[in-house]
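The primary structure of each chain is shown beneath.
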Amino acid sequence: MYLREGQTPASSWAGVAAENAGSPEPCERTAVRGVLSRRSLILMTSAVFVGAPLSDLLALPGAANASVTVATPPTVRVSSTLTAACFSIDGKRRFEVDIPSVLDVDEGFTGPISLTWDPRAFELSEMATLVFSDRKPCAELVASESGPGTLTFAIPASVTRVLLRPRSILSYPNDLFDDPVLSSLKDGLQATSLPLRTQTAAAWGVEMYVSWFPYEDRYIPALVEVRSVGPHPTPNGLTVELRVPRSTLGELAPDPLAESSRVDRAGAKPGLSVVIEPLPAGSMRQVTFELPDDAAEQEPSNPGLTVVPTATLVFTEGLGVNARDTGRYSSAPVTASGSALSDFTHPEKA
């Protein structure tokens, strides 16, 4: 049915009802063009769609699909790292670089993962340990591909964690280089790079050498030498502390004929402190001590030490931030196993 000229939508519905009232035949459904009142629309929709929100009824076809959340593919994440520090070649910048040590794996992930890192800073073993979700025993996994600073692992199903085996190789004197390479993890879908932390610095370092002289049942420090290895001068506040038995302390006296740093007997317990003034890179400072008068006449010996004397370079924590780890900040007259040093009374081994 169509609206007649001058007929309103409301009157059209009344006309339809009147026409159908006297007709035994069902009314034929005809498209009606017009504007429905808000009340009529609500009554119609509530009669047909009980409990359905009006906004859902008026939504365009396909609008519901726009709110569907797409499932995120399973990935691999870095949960723990190993950190190493180095300096730029000019010593004006300090770098902290990371490498993954533990990886967490989402449920359902399988496939290759690739790790890259700076081979000047780290080594990464080709063996990794796998932890499974179904309580299987841990398994060892070998990298399927390798190259300088690159390893690729094929992760099987049901793995929840990968335990890597990185090691820092930033040892002196190879602790100075520019442009560190960021470590990264790629799981086929995305790549994650670990951050590089940079700060201003004034890198310095020293190597300390001590000449220990065997005398009777003990060793006496005859010479303390401190060498500045740069690249910046050593800072103020460096002190060498000599810890020696009390019987030796009275025998120690700086050689009055030698140029030496200031010696303070109150610093060590018991012993003495040698204050090291700032040294430019490449320079050194020596402190020599007078030996007992009868030292030259004494028969060579290999003392059985009950107390081990030591020489240690000490400085504040603030100075240590820029200190290079030379591995020569202390000295003692013992071997790595803790036994007394050999001397010329024992034949040299071939």
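Residues numbered from 1 in each chain as written. Predicted model: local features only at pLDDT ≥ 70, side-chain atom pairs only at ≥ 80, totals over all residues. Heavy atoms only, no water.

A. How the structure looks around the confidence of the model for the protein chain. On average, residues of the protein chain carry a pLDDT of 77, and 65% of them reach 70 or more. Of all secondary-structure elements in the protein chain, the lowest mean pLDDT belongs to helix α3 (residues 54-57), at 40, while strand β2 (residues 93-105) reaches the highest, 97. Counted against residues more than four places away or in other chains, residues 255-268, with its pLDDT under 50, gives 34 contacts. Contacts of residues 343-350 to residues separated by more than four positions or lying in other chains number seven contacts, the stretch itself having pLDDT below 50. (pLDDT = per-residue confidence, 0-100. Helix = DSSP H or I, 4+ residues; strand = E, 2+ residues; numbered from the N terminus. Contact = heavy atoms within 4.5 Å.)

B. Examining empty space enclosed by the protein more closely. Within this structure, the stated rule accounts for one cavity of 30 Å³ or more. For the largest cavity, the calculated volume is near 30 Å³. Along its surface, the largest cavity is lined by V97, D98, V181, L182, S183, L194 and P195. The residue inventory of the lining of the largest cavity, partitioned by class, reads five nonpolar, one polar and one charged. (1 Å grid on protein atoms, 1.4 Å probe; cavity = no way out; pocket = protein on both sides within 12 Å on 5 of 7 lines; lining within 4 Å. Points joined across faces, edges and corners; volume = space filled by probe spheres on them. Nonpolar A, V, L, I, M, F, W, Y, C, P; charged D, E, K, R; others polar.)

C. How the structure looks around the pattern of salt bridges. With the rule as written, the count across this model stands at 13 salt bridges. Note that E96 and R94 form a salt bridge whose closest N and O atoms lie 2.9 Å from each other. Two residues, R165 and E140, come together in a salt bridge whose shortest N-O distance is 2.5 Å. In this pair, R165 sits in the loop between β9 (159-163) and β10 (166-168) while E140 sits in strand β6 (residues 139-142), placing the two residues 25 residues apart along the sequence. (Salt bridge = Lys/Arg side-chain N within 4 Å of Asp/Glu carboxyl O.)

D. Geometry of the sheet that holds strand β8 (residues 150-155). A sheet is described by the order of its strands in space; here five strands give the open sequence β7-β8-β3-β11-β12, paired in antiparallel fashion. The open sheet has two edge strands with one neighbour each: β7 (145-147) and β12 (191-193). In this sheet, adjacent strand axes meet at a mean angle of 15° when their direction is disregarded. Looking at chain direction, strand β3 (residues 111-116) and β8 are connected through six bridges and run antiparallel. Bridge pairing in β8 places L115 opposite L151. (Pairing = 2+ DSSP bridges. Axes fitted to C-alpha atoms, helices over the stretch in contact; angles between N-to-C directions.)

E. Inspection of the sheet that holds strand β19 (residues 284-288) at higher detail. With respect to topology, three strands assemble into an open sheet ordered β14-β15-β19, the strand pairing being antiparallel. Of all the strands in the sheet, just β14 (206-215) and β19 have a single pairing partner and so form its edges. This sheet shows a mean twist of 20° between the axes of neighbouring strands, independent of strand direction. With five bridges connecting them, strand β15 (residues 218-228) and β19 associate as antiparallel partners. When the bridges of β19 are listed, L223 appears paired with T288.

F. Here's a closer look at the pairing of β14. Burial analysis of β14 places seven of its ten residues in the buried class, which makes it a mostly covered element. Between the end of β14 and the start of β15, which pair antiparallel, lie two residues, with E216 showing a positive phi angle near 55°. (Buried < 20%, exposed > 50% of the residue type's maximum accessible area, 1.4 Å probe, protein only.)

G. Molecular detail of the pairing of strand β20 (residues 310-314). Burial of the side chains of β20 is restricted to one face: A311 and L313 are buried, whereas none of T310, T312 and V314 on the reverse face is. In this structure, strand β16 (residues 238-243) lies alongside β20, joined through five bridges in antiparallel fashion. Each bridged residue has a counterpart across the sheet, and for T239 the counterpart in β20 is V314. The sheet contact formed by β20 and strand β21 (residues 330-331) spans two bridges and is antiparallel. Paired with A311 across the bridge in β21 is S331.

H. Structural context of the nonpolar core. Ranked by size, the top nonpolar core spans 29 residues in total, and within it I113, F153, I155, V162 and L164 carry the most contacts. If you list the elements that add at least two residues to this core, you get β1 (76-87), β2, β3, β4 (122-124), β5 (127-132), β8 and β9. Counting residues per element, this core draws most heavily on β2, which supplies five residues. Sequence-distant contacts of L164, defined by excluding residues within four places in its chain, comprise P100, S101, L103, L115, L124, A128 and F153. Core analysis: the second largest hydrophobic core is formed by 22 residues, W212, V226, V274 and L319 among them. (Core = buried A, V, L, I, M, F, W, Y, C linked by side-chain atoms within 4.5 Å.)

I. Seen up close, the packing of aromatic side chains. Evaluation of the coordinates by the stated rule reveals two aromatic pairs. On the numbers, 5.3 Å between centres and 80° between planes, the contact of W204 with F315 is edge-to-face. Here W204 is found in the loop between β13 (197-200) and β14, whereas its partner F315 is found in the loop between β20 and α6 (317-320), with 111 residues between them in sequence. Looking at F315, the relative accessible area reads 27%, which means it is partly exposed. Geometrically, the ring pair formed by F315 and Y329 is edge-to-face, given 5.7 Å between the ring centres and 70° between the ring planes. Here F315, found in the loop between β20 and α6, pairs with Y329, found in the loop between α6 and β21; they are 14 residues apart in sequence, far enough to count as distant. Stacked on the ring of F132, the Lys or Arg K136 has its end atom at 5.7 Å from the ring centre. (Phe/Tyr/Trp six-rings, centres within 6.5 Å; stacked < 30°, edge-to-face > 60°. Lys NZ or Arg CZ within 6 Å of the ring centre and 35° of its normal.)

J. Inspection of the environment of V210 at higher detail. Within the secondary structure layout, V210 lies in strand β14. Along the chain, V210 and T310 lie 100 residues apart, while their C-alpha atoms are 9.4 Å from each other. Every residue in contact with V210, bar those within four places of it in the chain, is listed here: P221, L223, V224, A311 and S331.

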